[in-house]
Amino acid sequence: MNLRELVSALNDFASPALAESWDNVGLLVEPSPPHTVNTLFLTNDLTEEVMEEAVRKKADLVLSYHPPIFTPLKRVTWKTWKERLVVRALENRIGIYSPHTAYDAIPHGVNNWLTKGLGACTSVPLHPSTAPSSPAEGTHRVEFCADAEHLDAVLSKISDIPEISCLTTLPARVEGEEQTRVTLNCSQKALLEIVALLSQNSLHHKTEILLLQKPLLPHTGMGRLCTLSEPVSLSDIIERIKGHLQLQHVRVAVGAGRTLESPVKKAALCAGSGSSVLKGTEADLYLTGEMSHHDVLDAVANGISVILCEHSNTERGFLSELRDALAIHLQNKINIVVSEKDRDPLQVA
């Protein structure tokens, strides 16, 4: 497949618009076009060892769940390992694509895979995603009426305000007078300027301001709140998680007033680093890769047990499922390989 065609298909599989605003997702490194992709190489973390594996396996595009380029690079030299990744990629005509939190949000993504470690359960996103393109533009809608005396002057000044869209005018009759009804969409910043402008022209008493709510996307968003079909003891949940993630050990903090035999009915989970996503959620259990010491203390004090599996251990196992899903999505047009060198940097000594 042509690289741009493949990137478009990957974006259809999980829209980059679903990623968190702080994230760096999409095509990060692009060899000079045209670039054909015969082999897509999947990894959780793109380390130098993994990059050398990708070169040996003649990868044309690396899909790295975690973005190897996150903070801006000021130069591309041989000095730091992330710069060297870019150099090696371009030398070998290998593109780099990262989906990261877009894969966290989608219904068929990382968090959905992680819920399977709990056993039979239903789940809903902890922080639902909103439709990225509805409404198309703006956070607010402003409607006001103006007579001929004010209309031209107001519209002229509005045209100078940035972040305004969908402006329309229609004839209107207000209290027996012929006027014009103006409707527009705008950002929060532009709203302040518009209100000030309308107040100056004595039109504020005829103004309506509506907050444009974007509809929620079903089964899409950050984290999951899972309700188990039958309550299970914490010790049994621990063994289920270890089996699902193929781990010999996990770290466990037992909630205040609980024991390893206490039942778990509701579990909140977030792949990777879950503190900010899980915080404040009422549940019997928090399941994630890592949390800060003080967030663990808060959870335990509230009677919530915590299972920590290390960051990438809660994500890496998804790659095999992803390989199969992408093969179907891409109609088996390219070879898809999962890295054998990708691994969590931490181990129990």
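Residues numbered from 1 in each chain as written. Predicted model: local features only at pLDDT ≥ 70, side-chain atom pairs only at ≥ 80, totals over all residues. Heavy atoms only, no water.

Draft legend 1. Focus on the sheet that holds strand S12 (residues 263-273). As summarised here, the arrangement of the six strands in space is S5-S10-S12-S13-S14-S11, forming an open sheet in which the pairing is mixed. The open sheet terminates on both sides in strands that have one partner only, identified here as strand S5 (121-130) and strand S11 (251-253). Strand-to-strand twist across the sheet, computed as the mean angle between neighbouring axes with direction ignored, equals 25°. As paired elements, strand S10 (residues 216-233) and S12 share six bridges and run antiparallel to each other. If you follow Arg 224 over to S12, its bridge partner there is Leu 269. Packed on one face of the sheet, helix H8 (residues 234-245) meets S10, S11, S12, strand S13 (285-290) and strand S14 (305-308) and runs near 125° to S10. (Pairing = 2+ DSSP bridges. Helix = DSSP H or I, 4+ residues; strand = E, 2+ residues; numbered from the N terminus. Axes fitted to C-alpha atoms, helices over the stretch in contact; angles between N-to-C directions. Contact = heavy atoms within 4.5 Å.)

Draft legend 2. Broad picture of the UniProt feature "binding site: a divalent metal cation" (unreviewed entry) in the protein chain. Residues annotated by UniProt as "binding site: a divalent metal cation" (unreviewed entry) correspond here to His 66, Asp 104, His 311 and Glu 315. Spanning 250 residues, the named residues form one tight spatial group whose C-alpha atoms are at most 13.4 Å apart. Relative to the assigned elements, His 66 resides in the loop between strand S3 (61-64) and helix H3 (81-91). His 66 sits in the buried class, given a relative accessible area of 13%. Here the side chain of His 66 touches Asp 45 through a polar contact of 2.6 Å, side chain to side chain. Along the chain, Asp 104 turns up in helix H4 (residues 101-105). With relative accessibility at 6%, the residue Asp 104 sits in the buried group. With residues up to four places along the chain from it excluded, the contact list for Asp 104 reads Tyr 65, Val 110, Asn 111, Gly 221, Met 222 and Arg 224. (UniProt positions renumbered as here; feature names shortened; annotations may be inferred. Buried < 20%, exposed > 50% of the residue type's maximum accessible area, 1.4 Å probe, protein only. Polar contact = N/O pair within 3.5 Å; in protein donor to acceptor, adjacent residues only side chain to side chain.)

Draft legend 3. Geometry of the state of the cysteines. All chains considered together, the criterion is met by zero disulfides. Not engaged in a disulfide, the cysteine Cys 226 finds its nearest cysteine sulfur in Cys 121; these two sulfurs lie 4.4 Å apart. (Disulfide = S-S within 2.5 Å.)

Draft legend 4. Local environment of the environment of Leu 170. Turning to its location among the elements, Leu 170 is positioned in strand S7 (residues 164-174). Through-space distance from the C-alpha of Leu 170 to that of Thr 183 is 8.6 Å; in sequence the pair is 13 residues apart. Each residue touching Leu 170, except ones within four places of it in the same chain, is listed here: Gln 179, Thr 180 and Arg 181.

Draft legend 5. Layout of the environment of His 244. Structurally, His 244 can be placed in helix H8. The exposure class of His 244 is partly exposed, given its relative accessible area of 22%.

Draft legend 6. Main features of the domain arrangement of the protein chain. Considered domain by domain, the protein chain is made up of domain 1 (3-104), domain 2 (106-128 + 219-312) and domain 3 (140-211). Between the C-alpha centres of domain 2 and domain 3 the distance comes to 50 Å. (Domains from an automatic or database assignment.)

Draft legend 7. Up close: the sheet that holds strand S8 (residues 177-186). Overall, antiparallel pairing links the four strands, which are arranged S7-S8-S6-S9 in an open sheet. One side of each edge strand has no neighbouring strand; the edge strands of this open sheet are S7 and strand S9 (208-211). Taken pair by pair, the neighbouring strands of this sheet meet at an average axis angle of 15°, ignoring direction. As paired strands, S7 and S8 are joined by nine bridges and run antiparallel to one another. Looking across to S8, one finds that Thr 168 is bridged to Thr 183. Against the sheet, helix H7 (residues 188-200) makes contact with strand S6 (140-146), S7, S8 and S9, and its axis sits at roughly 15° relative to S6, the strand it touches most.

Draft legend 8. Just helix H1 (residues 3-13), in detail. Those residues of H1 that fall on the buried side of the exposure criterion are Leu 3, Leu 6, Val 7, Ala 9, Leu 10 and Phe 13. In an axial view of H1, the angular spread of the buried residues amounts to 160°, which keeps them on one side of the axis. Turned more than 90 degrees off the buried face of H1, the exposed positions are Arg 4 and Asp 12. Considering only its buried residues, H1 is in contact with strand S1 (26-29), S3, strand S4 (95-98), H4 and helix H11 (318-329). One side-chain oxygen of the residue at the start of H1 lies 2.9 Å from the amide nitrogen of Arg 4, identifying that residue as Asn 2. (Arc of directions from axis to C-beta.)

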